[in-house]
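Chain by chain, the residues:
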Amino acid sequence: DVQQAAAALLGPEPDAARRHLQSAAERLLAAREVLYPVTIHLIDLYLADEQRLDEPWPATFALGLPLNVIASASLLEKLGRLYPERLATLRERVAGDLVEVCGGPYQEREDALLPVESQLWNLLKGQSVYKQLLDQEVRIFARKRTSAHPQLPLFLNTVGLSRAVLLAFDDGVVPTYHGTVTSWPSPDGKQVEAFTRAPYAADSPQTFFHAAHYLHRTIMQDHAATLAFLHRGNPAVPWYRDWLELSRLSPVLGQWTTLSRYLNEVQPSEYAHAASADEFHADYLSERCQEAEHRGQGAGGKRQESEVGQEVEGIKQSEDAAGYVLPPPSLIPDTQKAGVPAPELPITPSPSPPVSGFARHVRRRRRIDTAWTLLALHRSLTGTAGADPELERRLTELEDRVESGAAVSTAELEAAEKQVADRLARRLLARAKDEGPGYLVLNPCSFARRVALELEGLAGPLPIAGPVKACQIDGGKGRLVVEVPALGFAWFPRVGPPGTPPQTARMRLADNRCVRNEFFEAEVDPATGGLKAIRDHRTRLNRLGQQLVYNPGSTMRVKEVRTTANGPALGEIISEGALLDEQEQVLATFRQRFRAWLGRPVLEMRIEIYPERPPTGYAWHSYYGARFAWRDERALLLRGVNGTPTITSHTRPETPDYLEVRLGRSNTVILPGGLPFHQRHGGRMLDVILVPPGETAHAFELGIALDRDYPMQTAVGMVTPVPLAEVAQGPPHVGAAGWLFHLDVPNLVLTGLRPAPGGVDGVIARLLECVGHHMPAELRCPRDPVRAGVEDARGSPLLDASVHGDAVGFEAAPGELVHVRVDFS
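These figures come from a predicted structure and were not determined experimentally.

Cut-offs used in this document
- Residues numbered from 1 in each chain as written.
- Predicted model: local features only at pLDDT ≥ 70, side-chain atom pairs only at ≥ 80, totals over all residues.
- Heavy atoms only, no water.
- Helix = DSSP H or I, 4+ residues; strand = E, 2+ residues; numbered from the N terminus.
- Rg over C-alpha atoms; globule rule 2.2 N^0.38 Å.
- Buried < 20%, exposed > 50% of the residue type's maximum accessible area, 1.4 Å probe, protein only.
- Areas by Shrake-Rupley, 256 points an atom, 1.4 Å probe, with all protein chains shown as cover.
- Lys, Arg positive; Asp, Glu negative; His and termini not counted.
- Charge placed at Lys NZ, Arg CZ, Asp CG, Glu CD.
- Phe/Tyr/Trp six-rings, centres within 6.5 Å; stacked < 30°, edge-to-face > 60°.
- Pairing = 2+ DSSP bridges.
- Axes fitted to C-alpha atoms, helices over the stretch in contact; angles between N-to-C directions.
- Parallel < 35°, antiparallel > 145°, perpendicular 65-115°, else oblique.
- Contact = heavy atoms within 4.5 Å.
- Nonpolar A, V, L, I, M, F, W, Y, C, P; charged D, E, K, R; others polar.
- Expected span 1.5 Å × (residues − 1).
- Salt bridge = Lys/Arg side-chain N within 4 Å of Asp/Glu carboxyl O.
- Core = buried A, V, L, I, M, F, W, Y, C linked by side-chain atoms within 4.5 Å.
- Polar contact = N/O pair within 3.5 Å; in protein donor to acceptor, adjacent residues only side chain to side chain.

Peer 1: Tell me about the overall build of the chain, residues and numbers included.
Peer 2: Check the secondary structure of the chain and you find 16 helices and 45 strands. Taking 825 residues into account, the globule formula puts the C-alpha radius of gyration at 28 Å, and the chain, at 30 Å, falls close to it. For the chain, the C-alpha atoms occupy an extent of roughly 115 × 75 × 50 Å along the three principal directions. In the chain, which comprises 825 residues, the share counted as buried stands at 61%. Surface exposure of the chain reaches about 31800 Å², of which carbon and sulfur atoms provide 51%. Distance between charge centres in the chain, computed from 88 positive and 101 negative side chains, equals 4 Å.

If you want it as structure tokens, here you go:
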């Protein structure tokens, strides 16, 4: 047949050659079907490159064969702006089921290290943009950069995605499976069908040299024979085109298909257990440091001014030279009282520092979440009369800019939060009887908080009563500890009654070397200036020590240790010194501040480090960091993964939430405040990486807490702002403190509360189970709901929730993300 085809090319009918070739291909197909009579599936994967959007599509695109394109929504937006004709052609092929666009996220970013609300925003925004550009949503989740984690199937399910590509196209690590299609579960039981067969490079001669072996192996071993080929920029080798031409004649070596058709035909051949967090890893630190150095950003050898003061409502906020938001430690709240369980125009991301960029993002994200929560609380009190579409549009725009990485000033976010807080404060004080200046503190968290405030202009001490638990006046600055109910408020006067005596110190909060309160005692090392020990008052055992280090080696030497505050509300010690190398040369200077507030179970640490010798080289080997050490190698190390505590043995356990050292019934929690990169040394030491190559921030906020039953609450409280409204009357008619919503189970953490869309008289609460317990929950409301239900992140109803008076009852599985909608009318 081939010889006749060659002869026909020289004859009067060249088209006859194809008929002879078709006959040859059909003979080959008949012979192959004797060996393997069912379909061999061929999958062509193309990783779209944002830097080379004008490069030709793989040959399957031109020949009309199925192609699978992996591209984020923002990449398709850019393609439409620069090459609209290419996007139009892609849209036509998608409509004709010849091209499958696989994606899901709006941006290819480090979602595994970002808050839950940020991850869901990326998925929901991505689906909206795909729908706009392609006239349909994506059906297969896929990413070019690895950013998978154990809870990802849960998040995909809640945005309507039930299929995924679970492969690492970079240097990341994901679990390996034997089958081509695997049922991939999350810890709460939600599952997605995942394509897990590693593709072969279409630009490598080795792929086609071993093609017979690959075919034999998949035919003999797989439930459904499958070969996948990967295109990532380089032209494919000639044998790839030969394979395509043979496929056009007859599916001898397989049938090309899209992933959706493939997953419709091929059922999962492997049902795996929920993967652990240690089975996922991506080296974001090295990647970000290389990008920062490429941009010419360095830590620099000169000492820079680290704070730019901004006064908002008498509270000082600060921002370092790199733009890293630094709320003063006095405003970084703890979790709970002890014992109480789309813009139309494209957005261009701005460069983000390798480490501090994560801490900046989580604080900005929590500020946006706080504004939405306060707006939802206002809606729950006022109903549809309190709806403000313009304000909601403004918050949506700010949220999109924050999440897209665009330049957003701290002042913009503070102004939006203040506007919403003032609206809620006016509503709460609408029926207040007494006239008198004061402050109204609002709590956007689902747990009670004891927050620390520093206020300018307090003329005298306040009475220690009601929500005020501690007060001291230092030169006109008031330092207070205020207890605020969950999703509630607390009011206190600006001036105490005449003759109010200063608070009597219940205990000495600081001396020459120690700061302490009811929960712990922290001792500063007089030789190094680091933390020598932190102890609880019951066992008096040293839980943790801390020093600043330069990896690969340094010595921490103190210059001065001084006590700067000694109660009755705050104990504070500051140490200053330098890190020295083996030749006693200064590597960096440092300043550490340790704070203990009365009634708050967190030791606040502010670390300022100014390198004289910037780190260079491999980021995991060259950095300035805070090294923590514990006394017993038998202690378990756990890390928070999207709020859930997970035992880890990884050398580099990444988490922005918390690290927990657990021994017996005691636990010690390290709160990195959004800093995600950590490295273990031996069995009882861990570094929190602060300044790797390319980092520009110099000041960092960390914390240590002892014996926390719910560490995620502590972590969320640390990065959540404290909305404070200066008011001219009060207290509210219901009392100086109160709650608007009340959640009766502490294992659920509220990640977001929003007004129902469309100006409807209702709210939507997003709750994350973070301990691993299954139990019924009850959410009490400020008004009696008329109906309630559980829905997914897109607003599609899943099931009804019970309503009894002002309470909404529902259930949450271990690790589940629950969306509860409450309608008041």
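Now that the structure has been shown, we can carry on.
Peer 1: Provide a residue-level description of the packing of aromatic side chains, including the pertinent values.
Peer 2: Per the stated rule, a full pass over the model turns up 15 aromatic pairs. Here Y240 and W256 contribute two aromatic rings whose centre-to-centre distance is 6.4 Å and whose plane-to-plane angle is 85 degrees, an arrangement assigned as edge-to-face. Of the two residues, Y240 is situated in helix 10 (residues 238-249) and W256 in strand 9 (residues 255-256); the sequence distance between them amounts to 16 residues. Each member of the pair, Y240 as well as W256, is classed as buried. Between Y439 and F492, the ring centres sit 5.5 Å apart and the planes meet at 35 degrees, which makes this aromatic pair tilted. Of this pair, Y439 sits in strand 14 (residues 435-442) while F492 sits in strand 18 (residues 488-493); the two residues are 53 residues apart in sequence, bridging distant segments of the chain. Note on accessibility: Y439 and F492 belong to one class, buried. Put simply, the rings of F208, F229, Y240, W243 and W256 pair up and form one aromatic cluster.

Peer 1: Residue-level account of the sheet that holds strand 33 (residues 685-691), with values.
Peer 2: The 7 strands are arranged 19-20-21-22-27-33-32 in an open sheet whose pairing can be described as antiparallel. Of all the strands in the sheet, the pair left with one neighbour each is strand 19 (514-516) and strand 32 (678-681). For this sheet, the mean angle separating the axes of adjacent strands, direction not counted, is 20 degrees. As paired elements, strand 22 (residues 542-551) and strand 27 (residues 623-629) share 7 bridges and run antiparallel to each other.

Peer 1: An account of the packing of helix 2 (residues 16-35) against helix 10 is needed here, citing residue identities and associated values.
Peer 2: Remark: helix 2 packs on helix 10, axes separated minimally by 9 Å, with the N-to-C direction vectors making an angle of 90 degrees. Our classification of the angle between helix 2 and helix 10 gives roughly perpendicular. For the pair formed by helix 2 and helix 10, the contact residues are R18, L21, Q22 and A25 on the first element and L246, R248 and L249 on the second. In the contact of helix 2 with helix 10, the residues fall into 4 nonpolar, 1 polar and 2 charged.

Peer 1: So what's going on with helix 14 (residues 389-404)? Which residues, and what values?
Peer 2: Taking 1.5 Å as the rise per residue, helix 14 with 16 residues should run 22 Å; its terminal C-alpha atoms sit 22 Å apart, in good agreement. For helix 14, the complete set of buried residues consists of L391, E392, L395, L398, E399, D400, R401, V402, E403 and S404. At the exit of helix 14 stands G405, carrying a positive phi of roughly 80 degrees.

Peer 1: How would you explain the environment of T207 if you had to name every residue and give the values?
Peer 2: By the secondary structure assignment, T207 is in helix 8 (residues 205-209). For the pair T207 and L120, spaced 87 residues apart in sequence, the C-alpha to C-alpha distance is 38 Å. Leaving out residues up to four positions away in the same chain, T207 has contacts with Y200, A201, Y214 and F229.

Peer 1: Report on the pattern of salt bridges, specifying residues and quantitative values.
Peer 2: Under the counting rule described, the total for this entry stands at 69 salt bridges. A salt bridge links R562 to E560; the nearest nitrogen and oxygen atoms lie 3.3 Å apart. Residue E560 is classed as partly exposed on the basis of its relative accessible area, which comes to 36%. Across the pair R627 and D687 runs a salt bridge whose closest N-O atoms are separated by 2.6 Å. In this pair, R627 sits in strand 27 while D687 sits in strand 33, placing the two residues 60 residues apart along the sequence. A network of salt bridges, in which partner residues are shared, links E108, R109, D111, R143, R365, R366, D369, E399, E403 and R754.

Peer 1: Account for the pairing of strand 15 (residues 449-456), naming residues and giving values.
Peer 2: Taken across its 8 residues, strand 15 has 7 buried, putting it largely inside the fold. Bridge count for strand 15 against strand 17 (residues 477-484) is 8 bridges, and the pairing is antiparallel. By the bridge assignment for strand 17, A452 is matched with V481.

Peer 1: Residue-level account of the side chain of E608, with values.
Peer 2: Here E608 lies in strand 26 (residues 602-611). Taking relative accessible area as the criterion, E608 reaches 6% and is therefore assigned buried.

Peer 1: Hey, could you go over the packing of helix 1 (residues 2-9) against helix 2 for me, with residue numbers and the actual values?
Peer 2: Remark: helix 1 packs on helix 2, axes separated minimally by 8 Å, with the N-to-C direction vectors making an angle of 170 degrees. In this view, helix 1 runs roughly antiparallel relative to helix 2, as classed from their interaxial angle. Along its contact with helix 1, which presents V2, Q4, A5, A8 and L9, the element helix 2 presents A16, A17, H20, L21 and A24. Of the residues contributing to the contact of helix 1 with helix 2, the split by class is 8 nonpolar, 2 polar and no charged.

Peer 1: Before we move on, could you go through the nonpolar core and cite the residues and values that matter?
Peer 2: Residues L603, F628, F677 and L690 are the most contacted members of the largest nonpolar core, which totals 55 residues. Once residues within four sequence positions are removed from consideration, F628 is found in contact with L544, G545, Q546, M605, I670, R684, M685, L686, V688, L702 and I704.

Peer 1: Can you explain the side chain of R364? Please cite residues and give values.
Peer 2: Here R364 lies in helix 13 (residues 356-382). Reaching out from R364, the side chain makes a polar contact with the backbone oxygen of V408 at a distance of 2.8 Å.

Peer 1: Explain unusual backbone geometry to me, and be specific about the residues and the numbers.
Peer 2: In the segment running from G567 into P568, the intervening peptide bond is cis, with an omega of 10 degrees. When you line up the elements, P568 lands in the loop between strand 23 (555-566) and strand 24 (570-580). In the segment running from G730 into P731, the intervening peptide bond is cis, with an omega of 5 degrees. Relative to the helices and strands, P731 resides in the loop between strand 35 (724-729) and strand 36 (737-739). At D97, a position not held by glycine, the phi torsion is positive, near 60 degrees. By the secondary structure assignment, D97 is in the loop between helix 5 (84-95) and strand 3 (99-102). Among the residues examined, D97 registers a relative accessible area of 30% and is labelled partly exposed. In this structure, L487 takes a positive phi of about 45 degrees despite not being glycine. By secondary structure assignment, the location of L487 is in the loop between strand 17 and strand 18.

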